[in-house]
Amino acid sequence: MAQSRSSNQLVVPQSNQALDQLKYEVAQELGIQIPQDGYYGNMATRDTGSIGGAITRRLVQIAEQSLAGQSGSNYR
């Protein structure tokens, strides 16, 4: 997998591999081919936005499930 060129810093650096995997899974589900060289400049903005939006929805869903599973949580 290609290295990300993003300047964004991960809060949990160990999550990088899982997020990369999620990106490829979402792109495959949407039928979008991610460039092998990791350069997104030739991709349509609509495609990259679709991938990012789907990743965000999936991460929110995971967080909601995690919060719902915590007993005695301070988030209620």
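Refer to the structure printed above.
Just so it is clear, the structure is predicted and the values come from calculations on it, not from any experiment. (Residues numbered from 1 in each chain as written. Predicted model: local features only at pLDDT ≥ 70, side-chain atom pairs only at ≥ 80, totals over all residues. Heavy atoms only, no water.)

Asker: I'm lost on the pattern of salt bridges in this one. Help?
Answerer: A side chain with one charge may pair with a side chain of the opposite charge, provided their charged atoms come close. Overall, the coordinates contain two salt bridges when judged by the stated rule. Lys 23 is paired through a salt bridge with Asp 20; the nearest N and O atoms lie 3.1 Å apart. Remark: Asp 20 and Lys 23 occur in helix 1 (residues 16-30); sequence separation between them is three residues, near one turn of the helix. Here the two residues Lys 23 and Asp 20 agree in accessibility, since each one is buried. Of the charged contacts, one joins Arg 58 and Glu 29 as a salt bridge, the two residues approaching to 2.7 Å between their closest N and O atoms. With a gap of 29 residues between them, Arg 58 in helix 2 (residues 45-69) and Glu 29 in helix 1 connect regions that are remote in the sequence. Residue class for Glu 29 comes out exposed when judged on its relative accessible area of 56%. (Salt bridge = Lys/Arg side-chain N within 4 Å of Asp/Glu carboxyl O. Helix = DSSP H or I, 4+ residues; strand = E, 2+ residues; numbered from the N terminus. Buried < 20%, exposed > 50% of the residue type's maximum accessible area, 1.4 Å probe, protein only.)

Asker: What's the story with the environment of Leu 22 in this structure? I'm lost.
Answerer: Within the fold, Leu 22 resides in helix 1. As a C-alpha pair, Leu 22 and Leu 59 span 37 residues in sequence and 9.5 Å in three-dimensional space. In contact with Leu 22, other than residues within four places in its own chain, are Ile 55, Arg 58 and Leu 59. (Contact = heavy atoms within 4.5 Å.)

Asker: Help me out: how do you make sense of helix 2 in this one?
Answerer: An α-helical turn contains 3.6 residues, so a residue and the one three or four places further along point in the same direction. Across its 25 residues, helix 2 extends 36 Å between first and last C-alpha, which sits within 8% of the 36 Å expected from 1.5 Å per residue. Considered for burial, the residues of helix 2 that qualify are Ile 51, Ala 54 and Ile 55. Looking at the buried residues of helix 2, the elements they touch are helix 1. (Expected span 1.5 Å × (residues − 1).)

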